[in-house]
Structures are given as structure tokens and as C-alpha cells.
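Summary of the model geometry
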Amino acid sequence: MESVFGLVGKDFAIVVADSSAVHSILVHKTNEDKIMVLDSHKLMGASGETGDRAQFTEYIQKNVALYQFRNGIPLTTSATANFTRGELATALRKNPYMVNIILAGYDKETGPSLYYIDYIASLHKLDKAAFGYGSYFALSMMDRHFRKDMTVEEAIELVDKCIVEIRSRLVVAPPNFVIKIVDKDGAREYAWRQSIKDGQVLAA
């Protein structure tokens, strides 16, 4: 029951993801970080099969770093989104990745931006986006309360409303969420919203 969503504010973008690592009916851990920091000003939130998600996001991260190493300048958020979309489209005809992506970034020239990329290589630039079962509730809350000129505090308040709605309405709701933000100061972790913590393994 994955939930990944994001939005663009006045001069920042936020990506939120649940932190549950699950397989079938089992929860393996509740502190899995599904939002990768691609470089100093880009975030990639991903949902999908655990192996595909981990492998593909790391592949994109390393290629973004390789481009900057070779050329001396970083890829823009738009260029990174189109590169990611191209890699998914190529894989789609060979060995497809079951991964959905929300890519957020900040560029000096264009400011913050958010891109929606799904597993069949559809790419859209949006102000708000969501994947997973939690998207039914996150999108409805953002449709009601989202504004393009939101401050960070207002956006976090909206994120908390989305998390409360997912926890209270989704039949198998993830307990913990990680929130990351990107703005002119860079990409970074903002907060965790935890209702349970992974306990210590007791000795037999």
C-alpha cells in the first residue's frame, strides 16, 4: 500500500513517501527511505517493486553524477526528467522496470519544478502529483487545499493533512512517512512522521 506524493510551492518543492518495505502480507521494515537525493538540488521519490525501485533510482543517480563529472555542469531538472523517461522507455521494450517516479528539483533560472513519470514512461510537469493507493486521498486533499503561492509552513500543513487522511482511510495504511524538500539552499530531509518505530530484536 505505497504512498508517494509531492507538490510545488512558491520557491520550493516537497516530496513525501511512506517508509514501509513490504513483501506480500509481510512488513519487513518501517524506516525505508524511498526518496533519493540525486544531486545537490534534485529529489527522486519512487514507488514500485523494491528491487526495481532501488536499482533504477541508483542507476539514475550515478548517471546524473557522471554527466556532471564529464561536462562540469549539472543536468537541469527538466533534462534529468527527460533522461529518466528515456531510460524507462528503452527498458519498456526489453526488461521493464516496475517503478513510478516523482522528480522534484530547483534550478536558478526556472525555480522549483515537479515531474510525474510512470512505469510506462509517461512524463508530465505538474504542480502536484501522487502514486500508490494513498494517491486517492492525497490528490483529493491537494485538489481542495493546494495553492501555487504556498509557503513552506502551509505546504507542510497540507502534507500532514494528506498523511492523516491516508492513515485514517486506507485499509492497510503505512505508519511512517519521510518528507524532503528542495529549494535554493539545496535538497534535504525535512522531517519524519512516525506512528511506530522498528523495535530492537529481542534475544531468544
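As annotated in an unreviewed UniProt entry, the protein is Proteasome subunit beta from Penstemon davidsonii. Turning to the protein, the UniProt record has this under Function (unreviewed entry): "Component of the proteasome, a multicatalytic proteinase complex which is characterized by its ability to cleave peptides with Arg, Phe, Tyr, Leu, and Glu adjacent to the leaving group at neutral or slightly basic pH. The proteasome has an ATP-dependent proteolytic activity." Recorded in UniProt for the protein, the comment headed Subunit (unreviewed entry) runs: "Component of the proteasome complex."

Two aromatic rings are characterised by how far apart their centres lie and by the angle between their planes. Inspection of the entire model under this criterion finds 3 aromatic pairs. Arranged with centres 4.7 Å apart and planes meeting at 50°, the rings of Phe 56 and Tyr 97 form a pair that is tilted. A residue pair is termed long-range when its members are at least 10 positions apart, and Phe 56 in helix 1 (residues 50–71) and Tyr 97 in the loop between helix 2 (77–92) and strand 7 (99–107) qualify at 41 residues. The class for Phe 56 is buried, based on a relative accessible area of 0%.

Relative to the assigned elements, Gln 61 resides in helix 1. One polar contact links Gln 61 to Lys 62, side chain to side chain, over a distance of 3.4 Å. Look past the residues within four positions of Gln 61 in its chain and what remains in contact with it is Met 36, Val 37 and Leu 38.

Where nonpolar side chains cluster on the molecular surface, the patch consists of Met 1, Tyr 133, Tyr 136, Val 171 and Val 172 and spans about 580 Å² of accessible area. In this fold, Tyr 136 is placed in helix 3 (residues 135–145). Since its relative accessible area comes to 60%, Tyr 136 is described here as exposed.

Within the secondary structure, Leu 38 is located in strand 5 (residues 35–39). Classification of Leu 38 by relative accessible area gives buried; the value is 5%. C-alpha of Leu 38 to C-alpha of Ala 187: the two residues are 149 residues apart in sequence and 8.8 Å apart in space. Beyond its immediate sequence surroundings of up to four residues, Leu 38 is in contact with Met 44, Thr 57, Ile 60, Gln 61, Thr 80 and Leu 103.

Another aspect to go through is the side chain of Asp 107. Checked against the element boundaries, Asp 107 lands in strand 7. Lys 42 provides the closest opposite charge to the buried, salt-bridge-free Asp 107, at an N-O distance of 5.0 Å. A polar contact of 3.0 Å, which involves the side chain of Asp 107, links it to the side chain of Thr 77. If near-sequence neighbours (up to four positions away) are discounted, Asp 107 is found in contact with Thr 76, Thr 77 and Ser 113.

Cut-off values and rules
Residues numbered from 1 in each chain as written. Predicted model: local features only at pLDDT ≥ 70, side-chain atom pairs only at ≥ 80, totals over all residues. Heavy atoms only, no water. UniProt positions renumbered as here; feature names shortened; annotations may be inferred. Phe/Tyr/Trp six-rings, centres within 6.5 Å; stacked < 30°, edge-to-face > 60°. Helix = DSSP H or I, 4+ residues; strand = E, 2+ residues; numbered from the N terminus. Buried < 20%, exposed > 50% of the residue type's maximum accessible area, 1.4 Å probe, protein only. Polar contact = N/O pair within 3.5 Å; in protein donor to acceptor, adjacent residues only side chain to side chain. Contact = heavy atoms within 4.5 Å. Patch = residues over 30% accessible without salt bridge, like charges linked within 9 Å, V, L, I, M, F, W, Y side chains within 5 Å. Areas by Shrake-Rupley, 256 points an atom, 1.4 Å probe, with all protein chains shown as cover. Salt bridge = Lys/Arg side-chain N within 4 Å of Asp/Glu carboxyl O. Lys, Arg positive; Asp, Glu negative; His and termini not counted.

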